[in-house]
Amino acid sequence: MRLFNRISNSHFATQNYEKKDNISFKHRLILDIGASDPRGSVKILAQTDDGKDLFEQRGSFLNDNINGFSSSENFIDQLSKVITNASKRAVSVIKEKGLDKEEKKLNSLALFLPGPIMDEEAIIIANLKTTDGKSLTNVDLSKLPNKLKENNKNIEVADNLKFIPTKDLGGTGIGIAQILANHPKYKDEFKEGFYAVGVMTGGGFGSVNIQVLDEKYMQIQTSESSHNLAMDIKKKSFTRLGKLGASTKGIIENYAKSMDIKEETAINALIKTGNARIATENRIELDNKKDKDAINVLKKSKYYNVADQDKNSTTFQINKYGAKVFKIARTNAIGEYVDTVAQHAIQKINEGANLLVLTGPLALGLNKTVVSNREDFGKDNLRELIFDRIDHYIKDDLTCQQLRKAHNFDLVCDDSVKLADNTAGGAALLDDKTRTITRRGEWIIIPIDALKEKPKS
């Protein structure tokens, strides 16, 4: 199987096929459902069965109602509609190349969801709610294949549809594993006994274990690490890891407080922008409609001036009174992020990890901020800041120091590990030799060959 290569490029065009005989017209869909928006964001990758990309779709949602889903069954119904429409679109793309009736079938479906899955049941999707404000729980995903087959002939579904649902971090882990298996620095280390940890931050704090079992197979293990206990260094009390500063919300909140924005409603207005650049750039553009409340907050701040404004957006600039305060606030916010990642890294060092891969738009953006402002942070990049914090915590822990040395523990956070999104792991998840342990929907065993880029002929 040829695994498509789209790790560092999130936008690509439909491929042109010149020879019909070389195409497999049965198709497969890879869906990544996000919870950063209450409607449930949807990313879709459609491919032919032999791994050629048909189209990518972003910017759509499962639900039109921001107030939640009426029930778990409603969630399945909405998911079925999205899949049906995507399948119809895939068939339309293939038809342009010539298509027999029997070749329209949806043959495989990979589904990444933001919550733990066991035996084809999403036991909780914490950040997607029902209309009564409760988290979706016990969503029976096993009903989905039959729901797709009962679609009034809108699409054709293979009788033996290959359907693999798993936690979204499974896709993250597979995507990172693919990067490492082909990485100029790490591909030679990607062998039996290698243990990497993938960390994705943004809407929350996600962590996934990537373990090479032998020369043929590797294993992905996801977790709910954001619920691990961690120390809030400001309050000097324990909380859960996901509530600390390693998220877009945490970055903005910590920055706002350092910029003398104290009111909860004002802080929430900034958080709702979802734009962590507020905390890292001294010039920021906001949408007049979407970010109306945040614009009003910054207009009231003595540290910001309106630099430009038109009917669509308002651009703010830190003024001369705010220059020093801005740098301190930015340093504090990133410092909280660093502390959170360092605490998690120490746990993984003690588990014997060799490498922590810190990726995602937030982490890579913060790294660029540190690299561009070395004089403010006293270090050259985010990696050095995190190791400095690790050193601070383990300076009196000889065992942890020795484990770090024995396993040559390292951390990478740069564009060489840039991951487009969780759909990057879909093709390997659907490989014929991949298997999941159904009781542990987050344990995925993958053939290493499915991760390797094939030499160009």
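Fair warning: this is a prediction, and the values are worked out from it, not measured in the lab.

To continue, consider the overall build of the protein chain. When helices and strands are tallied, the protein chain shows twelve helices and 20 strands. Taking 23 Å as the expected radius of gyration for a compact globule of 457 residues, we find that the protein chain reaches 23 Å, a close match to that expectation. For the C-alpha atoms alone, the extent of the protein chain along its principal axes is close to 70 × 55 × 45 Å. Of the contacts made within the protein chain by residues no fewer than 6 positions apart, 65% connect residues no fewer than 24 positions apart.

With respect to topology, five strands assemble into an open sheet ordered β3-β2-β1-β4-β8, the strand pairing being mixed. Each of the sheet's edge strands pairs with one partner strand only, and the pair in question is β3 (53–61) and β8 (157–167). Ignoring which end each strand starts from, the neighbouring axes of this sheet average 15° apart. Set on the sheet, helix α3 (residues 168–182) makes contact with β1 (27–34), β4 (106–113) and β8; between it and β8 the angle comes to about 85°.

This part takes up the environment of threonine 265. Among the secondary structure elements, threonine 265 is positioned in helix α5 (residues 264–271). The spatial distance from the C-alpha of threonine 265 to the C-alpha of lysine 249 is 14 Å, given a sequence separation of 16 residues.

Within this structure, the stated rule accounts for 15 salt bridges. The partner of arginine 374 in a salt bridge is aspartate 380, and the shortest N-O contact between them spans 3.4 Å. Residue arginine 374 is classed as partly exposed on the basis of its relative accessible area, which comes to 39%. Between aspartate 388 and lysine 379 there is a salt bridge, with the nearest N and O atoms lying 4.0 Å from each other. Assessed through its relative accessible area of 42%, aspartate 388 is described here as partly exposed. Within the structure, one salt-bridge network assembled from shared partners comprises Lys185, Arg383 and Asp410.

Membership of the largest hydrophobic core comes to 62 residues, with the highest contact counts inside it found for Tyr255, Tyr337, Leu358, Leu382 and Ile390. No other element matches the eleven residues that helix α7 (residues 323–350) contributes to this core. Sequence-distant contacts of leucine 358, defined by excluding residues within four places in its chain, comprise Val199, Tyr337, Val341, Ala363, Leu364, Leu382, Ile386, Val412, Cys413 and Val417. Judged by nonpolar contacts, the second largest core, of 37 residues, contains Phe75, Ile83, Ile94 and Ile155.

All told, the structure shown has five aromatic pairs when counted by the stated rule. With 6.2 Å between their ring centres and 85° between their planes, tyrosine 304 and phenylalanine 316 make a pair best called edge-to-face. Here tyrosine 304 is found in strand β15 (residues 304–309), whereas its partner phenylalanine 316 is found in strand β16 (residues 313–318), with twelve residues between them in sequence. As far as burial versus exposure is concerned, tyrosine 304 and phenylalanine 316 are alike and both buried. Considering the side-chain rings of phenylalanine 387 and phenylalanine 409, the 6.1 Å spacing of their centres and the 75° angle between planes classify their relative orientation as edge-to-face.

The end-to-end C-alpha separation of α3 is 22 Å, in line with the 21 Å expected for 15 residues at 1.5 Å each. Most of α3 sits inside the fold, with 14 of its 15 residues counted as buried.

Most of strand β17 (residues 355–359) is tucked away: five of the five residues are buried. Burial along β17 is two-sided: Leu355, Val357 and Thr359 and Leu356 and Leu358, pointing in opposite directions, are all buried. Two elements, strand β9 (residues 195–201) and β17, share five bridges in a ladder whose sense is parallel. Of the residues in β17, the one forming a bridge with methionine 200 is threonine 359.

Bringing the side chain of aspartate 291 into the picture now. Mapped onto the secondary structure, aspartate 291 falls in the loop between β14 (283–287) and α6 (292–300). Those residues within four positions of aspartate 291 in sequence are excluded, and the remaining contacts are Thr273 and Leu286.

Looking now at a negative patch on the surface. There is a patch of like negative charges on the surface, built from Glu285, Asp287, Asp308 and Asp310. When you line up the elements, aspartate 310 lands in the loop between β15 and β16.

There is a patch of like positive charges on the surface, built from Lys234, Lys235, Lys243 and Lys249. With respect to the helices, strands and loops of the structure, lysine 234 is situated in the loop between β12 (229–232) and β13 (237–240).

What counts, and at which threshold
Residues numbered from 1 in each chain as written. Predicted model: local features only at pLDDT ≥ 70, side-chain atom pairs only at ≥ 80, totals over all residues. Heavy atoms only, no water. Helix = DSSP H or I, 4+ residues; strand = E, 2+ residues; numbered from the N terminus. Rg over C-alpha atoms; globule rule 2.2 N^0.38 Å. Contact = heavy atoms within 4.5 Å. Pairing = 2+ DSSP bridges. Axes fitted to C-alpha atoms, helices over the stretch in contact; angles between N-to-C directions. Salt bridge = Lys/Arg side-chain N within 4 Å of Asp/Glu carboxyl O. Buried < 20%, exposed > 50% of the residue type's maximum accessible area, 1.4 Å probe, protein only. Core = buried A, V, L, I, M, F, W, Y, C linked by side-chain atoms within 4.5 Å. Phe/Tyr/Trp six-rings, centres within 6.5 Å; stacked < 30°, edge-to-face > 60°. Expected span 1.5 Å × (residues − 1). Patch = residues over 30% accessible without salt bridge, like charges linked within 9 Å, V, L, I, M, F, W, Y side chains within 5 Å. Areas by Shrake-Rupley, 256 points an atom, 1.4 Å probe, with all protein chains shown as cover. Lys, Arg positive; Asp, Glu negative; His and termini not counted. Charge placed at Lys NZ, Arg CZ, Asp CG, Glu CD.

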